[in-house]
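Understanding the architecture of this molecule
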Amino acid sequence: METHRRLHRELCYLGPHELYFKKLSTKKKQVMEKNGNNRKLRVCVATCNRADYSKLAPIMFGIKTEPSFFELDVVVLGSHLIDDYGNTYRMIEQDDFDINTRLHTIVRGEDEAAMVESVGLALVKLPDVLNRLKPDIMIVHGDRFDALALATSAALMNIRILHIEGGEVSGTIDDSIRHAITKLAHYHVCCTRSAEQHLIAMCEDHDRILLAGCPSYDKLLSAKNKDYMSIIRMWLGDDVKCKDYIVALQHPVTTDIKHSIKMFELTLDALISFNKRTLVLFPNIDAGSKEMVRVMRKKGIEHHPNFRAVKHVPFDQFIQLVAHAGCMIGNSSCGVREVGAFGTPVINLGTRQIGRETGENVLHVRDADTQDKILQALHLQFGKQYPCSKIYGDGNAVPRILKFLKSIDLQEPLQKQFCFPPVKENISQDIDHILETLSALAVDLGGTNLRVAIVSMKGEIVKKYTQFNPKTYEERISLILQMCVEAAAEAVKLNCRILGVGISTGGRVNPQEGVVLHSTKLIQEWNSVDLRTPLSDTLHLPVWVDNDGNCAAMAERKFGQGKGQENFVTLITGTGIGGGIIHQHELIHGSSFCAAELGHLVVSLDGPDCSCGSHGCIEAYASGMALQREAKKLHDEDLLLVEGMSVPKDEPVGALHLIQAAKLGNVKAQSILRTAGTALGLGVVNILHTMNPSLVILSGVLASHYIHIVKDVIRQQALSSVQDVDVVVSDLVDPALLGAASMVLDYTTRRIH
């Protein structure tokens, strides 16, 4: 029955998280089986000061009660080990915890530089400790600079981090530290719904966030010490009555030390005037604490009859003191968090807790020029009793946290996955970005012409430059550089922002290094050529290089009929025959960058000679060079020209003349084109039987003349299972240039290859 009531309390607190906890229980069983039932979770709890120990101690006690599941290591550092701050490590020993390691990490000075040096000292010392302990998970609390050192060390050493009290907002540098720890941590235990929503907004994985409540509330709400008067008298004197004293706890604000010291001075003046017995706790070790202690001594607080100044009060006793106080004043998180559990009136001073969720028991004094404002707040608050607040917990945080720890799967990848929300298209408000078009410089290195173009993100060719391709290496490199420099300068005038350079070239290319390994006979002196380095050095832009067939396939994937297709093949019918293969949305290069040499598929053992040295390749039948060869033969035999045709004496006979003759009824020309188309069709059938793509795109100047013959060959020769493949003619005007541009535009806009 009691178990049922406890479960009911949990679900009432968590509300919509009921299913989450059911899932957590199931996951816990699965994880235990996966990790091995005898495998204990080695947990390292690192505590830096009296405040974080009050939150960590309940978890540590919980871990200690389940030795069959957990192995606990305790690391103590920070102000715990300093006499001026009460040597608070002793309370850890009094709680019967074995301290595995003590690390002296505080550099004295109590200023900004000392805080930084303390973080550095902790970072130097922690690796040895973590290497020795080898914890499965480290529990880190809160927002202190010491905790940042702990989280940084653990994260860099691949140790899982559970962060307590992430997602909260206070109002000082602590916010930045807390959120930095959140980004380093793998798992999160938060105290309020707002904190949970903040963590989700910070792109943390919802499945790794536990809304548990504050662990210290497990002690607060069960604290029923009937002999609280003996504790009050011990700390404040025998003549003090319940609800007739004040607890003051004020810390420096490191982002505005001078102002926080001034506020502390005004607070002490107001407390002296208010004339009630007051327990004043020394400030923490943050920058500015020395100056605050000097203010206390200057005003004689340690010897004033109404004041008791102490360095530390054990948490169990501190609970009783604030629970029965007439008022608590200061800027400690304890005032706006834990004290609400008792309904004790609180005066929160300054900006240190400005962003905290608070109950109605908290009165804020954001700023004060004189003691009068603080004194008025004391008169308003002192002696009141407010409803108890459970904003920060219901007293059942520790069971939830232990259940959460047991659910952690050590086999899961250590690397965090951030849950980024969908990003809308960015509309830049920068005038340069508004006016400029993001573009690429595209270079097409053909057998005859060298072309450079400015290509926009939408695939529009803004401007194109064409020159005859020089025959020698030196002239060719020089012309490429010259044309690219001129195009880049022109791009500025055209309001185009060039993101990089893409180069399409014939032959075999290593795209990883930007090197043409060896080229076709059409492009002479073009072997082992590094194109990336000279262009990148000259233009100060990233450069990509690939084979022209591959570029045509990439152009179709980004701008053409291959957009959205998972598997397709592109065949280029131009001077030569090339192609590119897209498989599962990715371009196939092959183990030696020789994939998709589709023009050299052999379709006849006794066919015509090919430029590659073989016989019967598709290119030997269907390329522009092959058709030119056949046209010249017919012309030499006076069998090419028909009525309505003429070829000027100074014009070489080419493929276009053969096509024109066929259209005008030349039977021999028609037969040659049919043979070429059949050879291409047989090559496509081989591709269908090998790659089984869903689409074949014919590209280039000859594509429209071959499309119908290719489809006929597929119907006659292909297996029935692939006969329904779509075969289309590309609608892109310049696939080589667009493909070269797509390499730039895809990468620089963060497309993942």
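Residue indices follow the written sequence of each chain, beginning from 1 at its first position. Local features in this predicted model are restricted to residues whose pLDDT is 70 or higher, and side-chain atom pairs enter the listing and the counts only when it is 80 or higher, whereas totals over whole chains, interfaces and linings include all residues. Values shown for side chains rest on all heavy atoms present in the structure; no hydrogens or waters enter the calculation.

Under an unreviewed UniProt entry, the name given to the protein chain is Bifunctional UDP-N-acetylglucosamine 2-epimerase/N-acetylmannosamine kinase, and the organism recorded is Peromyscus maniculatus bairdii. UniProt positions are given in the numbering used here, feature names are shortened, and annotations may be inferred rather than shown by experiment. We quote the UniProt Subunit (unreviewed entry) comment for the protein chain here in full: "Homodimer. Homotetramer. Homohexamer. The hexameric form exhibits both enzyme activities, whereas the dimeric form only catalyzes the phosphorylation of N-acyl-D-mannosamine."

The next subject is the overall build of the protein chain. Strands here mean DSSP runs of E at least two residues long; helices mean DSSP runs of H or I at least four residues long; both are numbered from the N terminus. Scanning the protein chain from N- to C-terminus turns up 26 helices and 26 strands. Scaling as 2.2 N^0.38, a compact globule of 753 residues should have a C-alpha radius of gyration of about 27 Å, whereas the protein chain reaches 39 Å, well beyond that. When its C-alpha atoms are laid out on the principal axes, the protein chain stretches across 130 × 60 × 45 Å. The buried label applies to any residue whose accessible area, calculated with a 1.4 Å probe on protein chains only, is under 20% of its type's maximum; exposed applies above 50%, and partly exposed to all values in between. When each of the 753 residues of the protein chain is scored for burial, the buried share is 54%. Residue contacts follow a heavy-atom distance rule, with two residues in contact if any of their heavy atoms lie within 4.5 Å. Once local pairs closer than 6 in sequence are excluded, the contacts in the protein chain between residues at least 24 apart make up 68%. Note on areas: these come from Shrake-Rupley sampling with a 1.4 Å probe, and a residue is covered only by the protein chains present in the view. Element-wise, carbon and sulfur atoms account for 52% of the exposed surface of the protein chain, whose accessible area totals about 33800 Å². Positive and negative side-chain charges of the protein chain, numbering 81 and 87 respectively, have mean locations separated by a distance of 8 Å. Taken over C-alpha atoms, the radius of gyration is set against a globule rule of 2.2 Å times the number of residues to the power 0.38. In this tally, Asp and Glu contribute negative charge and Lys and Arg positive charge; neither His nor the terminal groups of the chain are included. All charge positions are set by atom: Lys at NZ, Arg at CZ, Asp at CG, Glu at CD.

Reading across from one edge, 24-23-22-25-26 is the order of the 5 strands in this open sheet, with mixed pairing throughout. Looking along the sheet, the strands with just one partner apiece sit at the ends: strand 24 (586-587) and strand 26 (726-729). Bridge analysis of strand 22 (residues 568-573) against strand 23 (residues 577-583) gives 6 bridges, and the strand direction is antiparallel. Residue pairing across strands places F568 opposite I582, the latter belonging to strand 23. Those strands touched by helix 20 (residues 548-559) are strand 22, strand 23, strand 24 and strand 25 (695-699), and its axis lies near 125° from that of strand 22. Together, strand 22, strand 25 and strand 26 form the strand contacts of helix 25 (residues 703-717), whose direction differs from that of strand 26 by roughly 170°. Any two strands with at least two DSSP-identified bridges between them are counted as paired. Orientation is described by lines fitted to C-alpha atoms, with helices fitted over the stretch in contact, and by angles between N-to-C directions that extend from 0 to 180 degrees.

Let us look at the domain arrangement of the protein chain. Start and end positions for the domains come from either an automated domain assignment or a database one. Entries for the protein chain in the domain assignment read domain 1 (38-214), domain 2 (221-381), domain 3 (432-560) and domain 4 (563-731). Taking the mean C-alpha position of each, domain 1 and domain 4 sit 69 Å from one another.

Before going further, it helps to examine empty space enclosed by the protein. In this analysis the probe radius is 1.4 Å and the grid spacing 1 Å, with only protein atoms considered; a cavity is a set of points the probe fits into but cannot get out of, a pocket is an open set with protein on both sides within 12 Å along at least five of seven lines, and lining residues have an atom within 4 Å of a point. Grid points are joined across faces, edges and corners, and a volume is the space filled by probe spheres set on the points. Evaluated as defined, the whole model comprises 7 cavities of 30 Å³ or more. The computed volume of the largest cavity comes to approximately 610 Å³. Along its surface, the largest cavity is lined by 37 residues, and N49, R50, A51, D52 and S332 are the ones closest to its centre. Elements represented by at least two residues in the lining of the largest cavity include exactly helix 3 (50-64), helix 13 (315-323) and helix 14 (333-336). The element contributing the most residues to the lining of the largest cavity is helix 3, with 5 residues. Considering only residue class, the lining of the largest cavity consists of 13 nonpolar, 12 polar and 12 charged. Counting only domains with at least three residues in the lining of the largest cavity, you end up with domain 1 (38-214) and domain 2 (221-381). Amino acids are sorted into nonpolar (Ala, Val, Leu, Ile, Met, Phe, Trp, Tyr, Cys and Pro), charged (Asp, Glu, Lys and Arg) and polar (every other residue, Gly among them).

For the rest of this paragraph, the subject is the UniProt feature "active site" (unreviewed entry) in the protein chain. The UniProt record annotates "active site" (unreviewed entry) at D548. The residues contacting D548, other than those within four sequence positions of it, are S504, T505, G506 and I572.

Glancing now at the packing of aromatic side chains. Geometry of aromatic contacts follows a simple scheme: Phe, Tyr and Trp rings, the Trp one being its six-membered ring, pair when their centres are within 6.5 Å, and the pair is stacked under 30 degrees between planes, edge-to-face over 60, tilted otherwise. Under the criterion given, the structure shown has 5 aromatic pairs. Ring geometry for F274 and F382: centres 5.4 Å apart, planes at 70°, overall edge-to-face. With a gap of 108 residues between them, F274 in helix 11 (residues 257-274) and F382 in the loop between helix 15 (371-381) and helix 16 (397-406) connect regions that are remote in the sequence. Overall, F274 belongs to the buried group, its relative accessible area being 12%. On the numbers, 6.0 Å between centres and 50° between planes, the contact of F418 with F420 is tilted. Residue classification places F418 among the partly exposed residues on the basis of a relative accessible area of 32%.

Here the UniProt feature "binding site: an N-acyl-D-mannosamine" (unreviewed entry) sits at R508, T520, D548, E597, H600 and E619. Mapped onto the fold, D548 is located in helix 20. Tracing the chain through its elements places E619 in helix 21 (residues 618-622). Residues within four places of E619 in sequence aside, it is in contact with G576, I577, G599, H600, C610, S611, M625 and A626.

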